[in-house]
Amino acid sequence: MATAPFLPGLGHTGTPALASSAVPSPSTTDPEHAAFYQRYELLRQKEKAKTEFISELLTRYEYLSQQYQTLASQSQYNAQGEAAWKAEKPVYERYLQQYQRALSENPFVMVLIDGDGMVFLNENIRDGEAGGRLAASQLDIAVRNWIESEAKEVPLSSRIICRVYANVRGLGDVLVRTGAIGAIEDFENFVRGFTRAKTLFDFIDVGAGKDRADEKIIENFKIFSQDYHCRKLLFGCSHDNGYARILEECSDKSEIVSKVVLLEGVPFEKELLPLPPGPVVNSWAAKAAAPPLPVSALPAYEPADRNKVIARNRAGQRIDPPTKDYDKAEVDRIKKLKLCNVHFLRQECPYDMQCAHKHTYQPDRSEIATLRLVARMSPCSIGSACQDYKCIFGHRCPAPPSTKKVPKGTKSCIFAETCKFPLELHDIDSNVVKTLVV
């Protein structure tokens, strides 16, 4: 019996190749056949849409499942972190309270004064120890009144610390010479009274020497300007441009600028005026300090009279007074006399009459001047830093400069490298900007 005919795609799987193949559109005009084909196409499209929908659902499910796993893991991590933070929070809160308490305790206001330039009132100094105690008390009261009226952020319980640095002997000598006091002992007693008046007030004697007070004050400034417990730093330095450098260095640090207050005793030097923090003009410090000593009252440097003053240039190098003009014939004549330089220029030859040079000759004023010129032709072993006000030797090369072009780093005088004076004692600026009282 012959095999029954079938409709392609309906009720017959056929071979895999045939099953997966699309059914061709009917070539016959039989209406029933065409209807079956249309029903078939409709079912096939629906099946395709179903398959695509299920595939999309599975893809979306996989993505959402991955997102869920990520969020679940993150949530678990956050929960663990929150639990750890809750456990550690009280510890850190205690640390914070301890630090805040430590920072709020022991507040103080620091007063730094360069006593060589900001001198206390003459009437206080003349009263000796009692005047020193009065000056310390007045300063303490003035600072506290200023805190109460001007520095609202500073606790009223803050302690006041004051340090005054000065060459007590040298400053006392100047005060005597200007007639401010009768004897140096008056000033020494004033210093003693100032220090004894308050536990945290010190008037410190730095002794003789270039910039000793400056160096100590600058180092104290560096320490206290960055100490949180120090709420304000009152800086008495209006007379000295040398402090401009340290103030320039901290001018971009707002926490220091807001803490430091410049005190005006004598008028501010020009280099200090534009610097932050702005100077306190007409402050209580100006009322507590004496006016600057008149220039005419300061002792002049006269080597013949042996006044204890040494002139220095801007670099701090010693500048001796000029000598008489060089006269070769006169210099040679004085040298042949073999006079004792130490005896005639310092009046203190250690060999006395046993000296190999003459002590009995009686030179006139002109010969003394020539002898001083001869002594200056020998370099001082200490150089331009010498602080012996009686020193008779040279502190810079006295020879004329060379007329030829001199290479940098070589001696510039006419004697060039044969000059007895070392390289550093050549080309010294002879403009005097300050004097050192020894």
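From a predicted model like this one, the values you see are computed outputs, not experimental measurements.

Novice: I would appreciate a short explanation of the overall build of the protein chain in the present structure.
Specialist: Helix and strand content of the protein chain: 13 helices and nine strands. Counting only residues that meet the buried cut, the protein chain has 35% of its 438 residues in that class. For the protein chain, the exposed surface amounts to about 27,100 Å²; the carbon and sulfur share of it is 54%.

Novice: Looking at this model, I keep getting lost on the nonpolar core. Mind explaining?
Specialist: Across soluble globular proteins, nonpolar side chains show a tendency to be buried alongside one another. Phe 187, Phe 194 and Phe 203 are the most contacted members of the largest nonpolar core, which totals 33 residues. At six residues, helix 4 (residues 128–149) tops the list of elements feeding residues into this core. Ignoring any residue separated from it by four or fewer positions in sequence, one finds Phe 203 in contact with Phe 120, Val 164, Ala 166, Val 168, Phe 187, Phe 190, Val 191, Phe 194 and Thr 195. If you look at the next biggest cluster of nonpolar residues, it comprises 21 residues, including Val 206, Leu 247, Val 260 and Leu 262.

Novice: How should the packing of aromatic side chains be read in this particular structure?
Specialist: This model, assessed by the stated rule, comprises 14 aromatic pairs. Centre to centre, the rings of Phe 190 and Phe 203 are 6.5 Å apart; their planes meet at 80 degrees, and the pair counts as edge-to-face. With Phe 190 in helix 6 (residues 184–197) and Phe 203 in strand 3 (residues 201–205), this residue pair connects regions lying 13 residues apart in the sequence. Ring centres of Phe 221 and Phe 235 lie 5.0 Å apart, and the angle between their planes is 35 degrees; this geometry places the pair in the tilted category. Of the two residues, Phe 221 sits in helix 7 (residues 212–225) while Phe 235 sits in strand 4 (residues 230–236), which places them 14 residues apart along the sequence. Through a chain of ring-to-ring contacts, three or more aromatic side chains come together here, namely Phe 120, Phe 187, Phe 190, Phe 194, Phe 201 and Phe 203.

Novice: Whenever I open this one, the layout of surface pockets confuses me. Can you help?
Specialist: Any space left empty among the atoms is revealed by the rolling of a water-sized probe across them. Approximately 820 Å³ is the volume found for the second largest pocket. Contributing to the lining of the second largest pocket are 31 residues, with Arg 396, Cys 397, Pro 398, Ala 399 and Pro 400 lying nearest its centre. Within the lining of the second largest pocket, the residues separate by chemical class into 17 nonpolar, six polar and eight charged.

Novice: Sorry, what's going on with the pairing of strand 1 (residues 108–114) here?
Specialist: Each regular strand displays side chains that alternate between the two surfaces of the sheet. In terms of burial, strand 1 is a largely internal element, seven of the seven residues being buried. Across the two faces of strand 1 the burial is the same, with Phe 108, Met 110, Leu 112 and Asp 114 and Val 109, Val 111 and Ile 113 all buried. Of the pairings in the sheet, the one linking strand 1 to strand 2 (residues 159–166) comprises seven bridges and is parallel in character. Note that in strand 2 the partner of Leu 112 across the bridge is Arg 163. Alignment of strand 1 against strand 4, held across six bridges, turns out to be parallel. Bridging across to strand 4, Val 109 finds its partner in Lys 232.

Novice: What is the right way to read helix 2 (residues 31–104) from this model?
Specialist: Three- or four-residue spacings in an α-helix give side chains the same orientation, since the helix completes a turn every 3.6 residues. The first and last C-alpha atoms of helix 2 sit 103 Å apart over 74 residues, in line with the 110 Å expected at 1.5 Å per residue. A maximum bend of about 40 degrees is found in helix 2 at Glu 88, where proline Pro 90 lies one to four positions downstream. Where helix 2 ends, the next residue or the one after it, Asn 106, has phi of about 55 degrees, a positive value.

Novice: What am I meant to see in a nonpolar patch on the surface here?
Specialist: A surface patch of nonpolar side chains, about 400 Å² in accessible area, is lined by Phe 53, Ile 54, Leu 57 and Leu 58. Mapped onto the elements, Phe 53 comes out in helix 2.

Novice: Any chance you could explain the packing of helix 11 (residues 328–337) against helix 13 (residues 365–376) here in plain terms?
Specialist: When two helices pack together, you describe them by how their axes are tilted relative to each other and by the distance separating the axes. Following both chains from N to C, one finds helix 11 and helix 13 inclined at 90 degrees, their axes separated by 10 Å at the closest point. Comparing the axis directions of helix 11 and helix 13 gives the class roughly perpendicular. Contacts between helix 11 and helix 13 involve Glu 330, Val 331, Arg 333, Ile 334 and Lys 335 from the first element and Glu 367, Thr 370, Leu 371, Leu 373 and Val 374 from the second. Across the contact of helix 11 with helix 13, the residue classes break down as five nonpolar, one polar and four charged.

Novice: Help me understand the pattern of salt bridges, please; the structure alone is not making it clear to me.
Specialist: Opposite charge on two side chains allows them to pair when their charged atoms are near. Counted under the stated rule, the structure contains 20 salt bridges. With its nearest N and O atoms 3.4 Å apart, the salt bridge here joins Asp 140 to Arg 144. Within this pair, Asp 140 and its partner Arg 144 are both found in helix 4, separated by four residues, close to a single helical turn. Overall, the relative accessible area of 9% leaves Asp 140 in the buried class. For Arg 346, the salt bridge is made with Asp 388, and the minimal N-O distance between the two is 2.8 Å. Of this pair, Arg 346 sits in helix 12 (residues 341–346) while Asp 388 sits in the loop between helix 13 and strand 9 (434–437); the two residues are 42 residues apart in sequence, bridging distant segments of the chain. For Asp 388, a relative accessible area of 29% corresponds to the partly exposed category. Members of the salt-bridge network, linked through shared partners, are Arg 346, Glu 348, Asp 388 and Lys 390.

Novice: Explain the side chain of Asn 313 here, please?
Specialist: One can find Asn 313 in the loop between strand 7 (309–312) and strand 8 (318–319). Side-chain polar atoms of Asn 313 contact the backbone oxygen of Asp 429, separated by 2.9 Å.

Novice: Got a minute to help me understand helix 4 in this structure?
Specialist: For helix 4, spanning 22 residues, the distance from its first C-alpha to its last is 32 Å, which sits close to the expected 32 Å at 1.5 Å a residue. When helix 4 is considered as a whole, its buried residues turn out to be Gly 128, Gly 131, Gly 132, Ala 135, Ala 136, Leu 139, Asp 140, Ala 142, Val 143, Trp 146 and Ile 147.

Novice: Looking at this model, I keep getting lost on the packing of helix 5 (residues 168–177) against helix 6. Mind explaining?
Specialist: For the pair helix 5 and helix 6, interaxial distance at closest approach is 8 Å and the crossing angle is 130 degrees. When the axis of helix 5 is compared with that of helix 6, the two are oblique. Crossing of helix 5 over helix 6 shows right-handed handedness. Residue-level contacts link Val 168, Arg 169, Leu 171, Gly 172, Asp 173, Leu 175 and Val 176 of helix 5 to Ile 184, Phe 187, Glu 188 and Val 191 of helix 6. When grouped by side-chain class, the residues that make up the contact of helix 5 with helix 6 number seven nonpolar, one polar and three charged.

The rules behind the values
- Residues numbered from 1 in each chain as written.
- Predicted model: local features only at pLDDT ≥ 70, side-chain atom pairs only at ≥ 80, totals over all residues.
- Heavy atoms only, no water.
- Helix = DSSP H or I, 4+ residues; strand = E, 2+ residues; numbered from the N terminus.
- Buried < 20%, exposed > 50% of the residue type's maximum accessible area, 1.4 Å probe, protein only.
- Areas by Shrake-Rupley, 256 points an atom, 1.4 Å probe, with all protein chains shown as cover.
- Core = buried A, V, L, I, M, F, W, Y, C linked by side-chain atoms within 4.5 Å.
- Contact = heavy atoms within 4.5 Å.
- Phe/Tyr/Trp six-rings, centres within 6.5 Å; stacked < 30°, edge-to-face > 60°.
- 1 Å grid on protein atoms, 1.4 Å probe; cavity = no way out; pocket = protein on both sides within 12 Å on 5 of 7 lines; lining within 4 Å.
- Points joined across faces, edges and corners; volume = space filled by probe spheres on them.
- Nonpolar A, V, L, I, M, F, W, Y, C, P; charged D, E, K, R; others polar.
- Pairing = 2+ DSSP bridges.
- Expected span 1.5 Å × (residues − 1).
- Bend = angle between axes of the 7 residues up to and from the residue.
- Patch = residues over 30% accessible without salt bridge, like charges linked within 9 Å, V, L, I, M, F, W, Y side chains within 5 Å.
- Salt bridge = Lys/Arg side-chain N within 4 Å of Asp/Glu carboxyl O.
- Axes fitted to C-alpha atoms, helices over the stretch in contact; angles between N-to-C directions.
- Parallel < 35°, antiparallel > 145°, perpendicular 65-115°, else oblique.
- Polar contact = N/O pair within 3.5 Å; in protein donor to acceptor, adjacent residues only side chain to side chain.
- Left-handed = near helix turned anticlockwise from the far one by under 90°.

Without other data, these values stay purely geometric and don't point to any function.
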